[in-house]
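Coordinate inspection notes
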Amino acid sequence: MAKINANYHKLNAGYIFPEIGRRIRLFQKENPGVTVYRLGIGNTTEPLTPAVIAGLRDGVDRLAGVKTYSGYGDEQGEEELRLKLAEFYSRRGVKIALDEFFVSDGAKPDAGNIQSIFSADNVVAFQDPAYPVYVDSNVIAGRSGLFNRDRGDYDGFIYMVCNEENGFIPEPPQQKVDLIYLCSPNNPTGAVATHQQLKKFVQYARKNRAVIIFDAAYSEFIADPELPRSIYEVEGAKECAIEINSFSKIAGFTGVRLGWSIVPKALVAEDSKPGDLHSLWFRRQTTLFNGASNIAQRGGIAVLSDQGLKESAELVGYYMENARLIREGLLAKGLTVFGGVNAPYLWLKTPGGLSSWDFFDKLLSEAQVVGTPGSGFGPSGEGYFRLSAFGHREDIGQAVQSIQTNLKVY
Ligand code: PLP
């Protein structure tokens, strides 16, 4: 008799984005023909840049010739791509060996799968609020107790509260935990951890033999040269941190699908020696994953070429100009706004103490702008709201204009 994985039943009932879709459809049904401006999901909107298109075309052309055709590739990703990635890190003074890179089909799958190399009884800490896959993958793996509907959290998990007082970057946990998920620049708050803040986590992890899973999917949105783009900029991080990154947001690969993880050979857990976790992830990926598309990898190589990096910086600059417009528009309206300076997300404090969902409904009905209720990212997201800078400039301009003209803030 087959039995289901009952941990799925523990998951907080609805993933937030389907509920947003439901409310938009309802609004459109009741208000036919009214334009809705979507600043909700972090989906890229601008076309791939010329150097990247040329790289992807080259990938396709190679498949057309008998001499250049390739099937399954190198297990950890094409060596040429890993060489480019190593160069990418060495430019910021971080040395990563080629066999420490694991090329993948994106940061979300890696962020969800990485927990599988750790014991089921590990105690896990999360930033609160957080990108949902960290929490949900650990619920599915059975590391949590039940979801508390009143508090919006899971029994057994440690929530590291991110609030205005700590600038949305928490201190390491008070108690001993085994796994810590960190995301900087952060989705949803747009906060970026300083070198000193990451150093505290590295020190904590080394002292407790904990492992940090560091999601750097937005690293290229950091404009401030003082802020770390990789956790490996902190001394000792290779012994205690895995880094996950993606081509999605830096180069518009949300649909192309390409990312990478770094599992250093120096990394250790409480019951392992250097190299063990690296071997486990190698085993996991070679057993359950057959590599990223070779076409996508040619595109990734093109992203990391000199021209590709220049174009990708322009693409990021485009979205960051959107972020600036949203930020200034909201501030001028008298709203309290965080983020949006070194990250493509703006974290808005709901006016008048409204709940996140009440503000969602208000923003949609008064200004026809869609955002994401902060409570969908964890209990400390309640009373906040995320706006995304991914969008066409014209739509962003109209959305900001509509907020300024139509939103009633008392
Ligand atoms: N990590 C963070 C923090 C994200 O916000 C996202 C997407 O929104 C991802 C990872 C997903 O990356 P990918 O498209 O590479 O799966």
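Reference entry: report on the structure contained in this document.

The rules behind these values
Residues numbered from 1 in each chain as written. Predicted model: local features only at pLDDT ≥ 70, side-chain atom pairs only at ≥ 80, totals over all residues. Heavy atoms only, no water. Buried < 20%, exposed > 50% of the residue type's maximum accessible area, 1.4 Å probe, protein only. Helix = DSSP H or I, 4+ residues; strand = E, 2+ residues; numbered from the N terminus. Pairing = 2+ DSSP bridges. Axes fitted to C-alpha atoms, helices over the stretch in contact; angles between N-to-C directions. Contact = heavy atoms within 4.5 Å.

**Brief notes about the pairing of strand β9 (residues 241-246)**
- With 6 of 6 residues buried, β9 lies mostly within the body of the structure.
- Residues of β9 alternate between two faces, with A241, E243 and N245 on one and I242, I244 and S246 on the opposite face, all of them buried.
- As judged from the 4 bridges shared by strand β8 (residues 211-215) and β9, these two strands associate in the parallel manner. Each bridged residue has a counterpart across the sheet, and for I213 the counterpart in β9 is I242.
- Of the strand pairs in this sheet, β9 and strand β10 (residues 259-262) are connected by 4 bridges, and their pairing is antiparallel. The residue of β10 that forms the bridge with E243 is I262.

**Considerations on the sheet that holds strand β6 (residues 158-161)**
- If you walk across this open sheet you meet the 7 strands as β2-β10-β9-β8-β7-β3-β6, and the pairing is mixed. In the strand order of this sheet, the two ends are held by β2 (101-104) and β6, each with one partner. On average, adjacent strands in this sheet sit at an angle of 20° to one another, irrespective of strand direction.
- Against the sheet, helix α4 (residues 79-90) contacts β2, β9 and β10, and its axis sits at roughly 120° relative to β2.

**Re the sheet that holds strand β11 (residues 336-339)**
- Strand order in the open sheet formed by 4 strands is β11-β12-β15-β14, and the pairing between neighbours is antiparallel. Each end of this open sheet is capped by a strand with a single partner; those strands are β11 and β14 (372-373).
- Sheet topology places β14 next to strand β15 (residues 384-388); 2 bridges connect them, and they run antiparallel. What sits directly across from T372, in β15, is R386.
- Strand contacts of helix α12 (residues 356-367): β12 (345-349), β14 and β15, with the helix running at about 50° to β15, the strand carrying the most contacts.

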